[in-house]
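So the chains spell out like this:
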Amino acid sequence: ASFEEVAYMLWHCCLPNRDQLDNFEQDMIGRRGISFQVMELVRSTPPEAHPMAGLRTAVSGLALSDPEADDLSHESLLRKAVDMTAKMPTIIAAIDRVRKGLETLGPRNDLNHAANFLYMLHGREPTEIEVRAMNLYLVLLADHGFNASTFSARVTAATLADIYSAVTSAIGTLKGPAHGGATEAAMVQLFDIGDVDNVDAWFEESRAQGRRVMGIGHRVYKVEDPRARHLRKVAAELADQTDPKWFQIAERLEQVARQDSYFIERNLYPNVDFYTAPMLYSLGIEPDLFTTMFAMSRVVGWTGHLLEQYADNRLIRPR
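How each quantity is defined
Residues numbered from 1 in each chain as written. Predicted model: local features only at pLDDT ≥ 70, side-chain atom pairs only at ≥ 80, totals over all residues. Heavy atoms only, no water. Buried < 20%, exposed > 50% of the residue type's maximum accessible area, 1.4 Å probe, protein only. Helix = DSSP H or I, 4+ residues; strand = E, 2+ residues; numbered from the N terminus. Salt bridge = Lys/Arg side-chain N within 4 Å of Asp/Glu carboxyl O.

Participant: Break down unusual backbone geometry for me, citing the residues and quoting the values.
Facilitator: Positive phi, close to 65 degrees, is recorded for Cys-13, a residue that is not glycine. Overall, the relative accessible area of 68% leaves Cys-13 in the exposed class. In this model, Leu-160 sits at a positive phi of 70 degrees, which is unusual for a non-glycine residue. In this fold, Leu-160 is placed in the loop between helix H8 (148–158) and helix H9 (163–174).

Participant: Outline the pattern of salt bridges, supporting the account with residue identities and numerical values.
Facilitator: Under the criterion given, the structure shown has 23 salt bridges. Asp-260 is paired through a salt bridge with Arg-207; the nearest N and O atoms lie 3.4 Å apart. With Asp-260 in the loop between helix H13 (245–257) and helix H14 (261–265) and Arg-207 in helix H11 (residues 199–209), the pair connects residues that are 53 residues apart, well separated along the chain. Given the relative accessible area of 15%, Asp-260 is considered buried. Residue Arg-207 is classed as partly exposed on the basis of its relative accessible area, which comes to 29%. Linked through salt bridges whose partners overlap, the residues forming this network are Asp-96, Arg-99, Lys-100, Glu-286 and Asp-288.

Structure (structure tokens):
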């Protein structure tokens, strides 16, 4: 399925037919552009700032030019869900290009969601495998139950705050290394290892010092994260066409960890972050941009949950 199909499904609770998908795709394409005011927020972001801080500010800024920001009717909420999903790739690509001193690129109407983002980021039309990998990632990360950022989004919505505030809450929650930031940490780990020949010694040293192996183990899964097996495959395909070193390090690290009694006894397997890291890096995406990729996908899950929250709301107040 395309990411657009998955987004439609999460918002409408059914897959679209051909006509519905065509209309939905055109609606998404028409909403990709961002206002001058939002672009100014992006341009004013310090180059050394984390991209998630820039994204958090820009998404919050979308509310400033929306006269219906506080309208909580289903039709208005759905329009804003589509709008944020369509605009996030434009914002993220602009954040990266501005900090690199490059000219920002407007969206292309002839490319799908995944391909258009890679074009705006790199300034060239992506290859078929790059588009397939990006689309797969967006589909696999689109929703994942009642995770921390989804919870914070629903808590905000439960006060009847606007949907931009709720998504901004989710972005702030996702930023942390124990949630969305784990993929960036997994890539930094691969940089630290440096070469496939260093994996075994690095692992033994980490075990001796009690350091966590980023990307292995999950709060819920005690089997292999089902998303990881798909990401492993596409990461290997991309590695063959770019630099295979980072995938080879990750693959060897998984092999070594799965032979260790601690990991075996506790059923610790690679999670979604483990192979996402070398895959996104093979797509030419900087590690500190990884968490914004997560947000670019998960926004459809967040807003799907928010449509439910607003439709049948009760203040969330744990005791």
